[in-house]
Amino acid sequence: RFISLERIFEESKESYYETLEASSRGWHEATHDIAPWLDYFWGALLRAYKEFGERVGTIEKYWEDAVHSLADAPHVIDIRNIGLIGAIELKPIDGQPTKRAFSAFLRAYDKGLLIRTTGDIIALSPPLIIEKAQIDELIDTLRTVLNEVE
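Fair warning: this is a prediction, and the values are worked out from it, not measured in the lab.

Participant: Before we go on, may I ask you to explain the layout of surface pockets in this structure?
Facilitator: If a probe as big as a water molecule is rolled over the atoms, it shows which places are left empty. Within this model, the largest pocket holds a volume of roughly 280 Å³. Lining the largest pocket we find 17 residues, and of these Leu113, Leu114, Pro126, Pro127 and Leu138 sit closest to its centre. Elements with a contribution of two residues or more to the lining of the largest pocket: strand S4 (121–124) and helix H5 (132–148). Here the lining of the largest pocket gets four residues from one element, more than from any other, and that element is H5. Considered class by class, the residues forming the lining of the largest pocket number ten nonpolar, four polar and three charged.

Below you can see the structure in the form of structure tokens.
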């Protein structure tokens, strides 16, 4: 679910300790050089970001397919997404713009799902650590909501 820096440090502990030792030389004389440790740390951080990017990339298509599966739900007139961001545009109620989306917001909230609305658009931006089962649950709940709103 998350990228562990601790795991990355553990997997590279030999170079971690070597770098820590090199950076500590001259500590008591205030002549030490922290640059080797910083290089090690930034390298570990970049590795974590690379893993994170790969993980998000593996779920992006699943998210896209799931969000677009709502195209046949009541009141949906457009769906768009980029990455793990989705937007579901709803047909406005004549003379009452935003009412349908706000009604969806309230029903979703009552079901434990927090969505954002802007106008008659449902905006979705799940946490980047979301998993397939959670996407399924989110989409199922949102489909139920869309079936219930007027």
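Participant: Before we go on, may I ask you to explain the packing of helix H3 (residues 35–68) against H5 in this structure?
Facilitator: Relative placement of two packed helices is described by the angle separating their axes and the distance separating the axes. At a minimum axis distance of 10 Å, the contact between H3 and H5 shows a crossing angle of 15 degrees. Relative to H5, the element H3 is oriented roughly parallel. For the pair H3 and H5, the crossing hand works out as right-handed. Contacts between H3 and H5 involve Ile59, Tyr62, Trp63, Ala66 and Val67 on the former and, on the latter, Lys132, Ile135, Asp136, Leu138 and Ile139.

Rules used throughout
- Residues numbered from 1 in each chain as written.
- Predicted model: local features only at pLDDT ≥ 70, side-chain atom pairs only at ≥ 80, totals over all residues.
- Heavy atoms only, no water.
- 1 Å grid on protein atoms, 1.4 Å probe; cavity = no way out; pocket = protein on both sides within 12 Å on 5 of 7 lines; lining within 4 Å.
- Points joined across faces, edges and corners; volume = space filled by probe spheres on them.
- Helix = DSSP H or I, 4+ residues; strand = E, 2+ residues; numbered from the N terminus.
- Nonpolar A, V, L, I, M, F, W, Y, C, P; charged D, E, K, R; others polar.
- Axes fitted to C-alpha atoms, helices over the stretch in contact; angles between N-to-C directions.
- Parallel < 35°, antiparallel > 145°, perpendicular 65-115°, else oblique.
- Left-handed = near helix turned anticlockwise from the far one by under 90°.
- Contact = heavy atoms within 4.5 Å.

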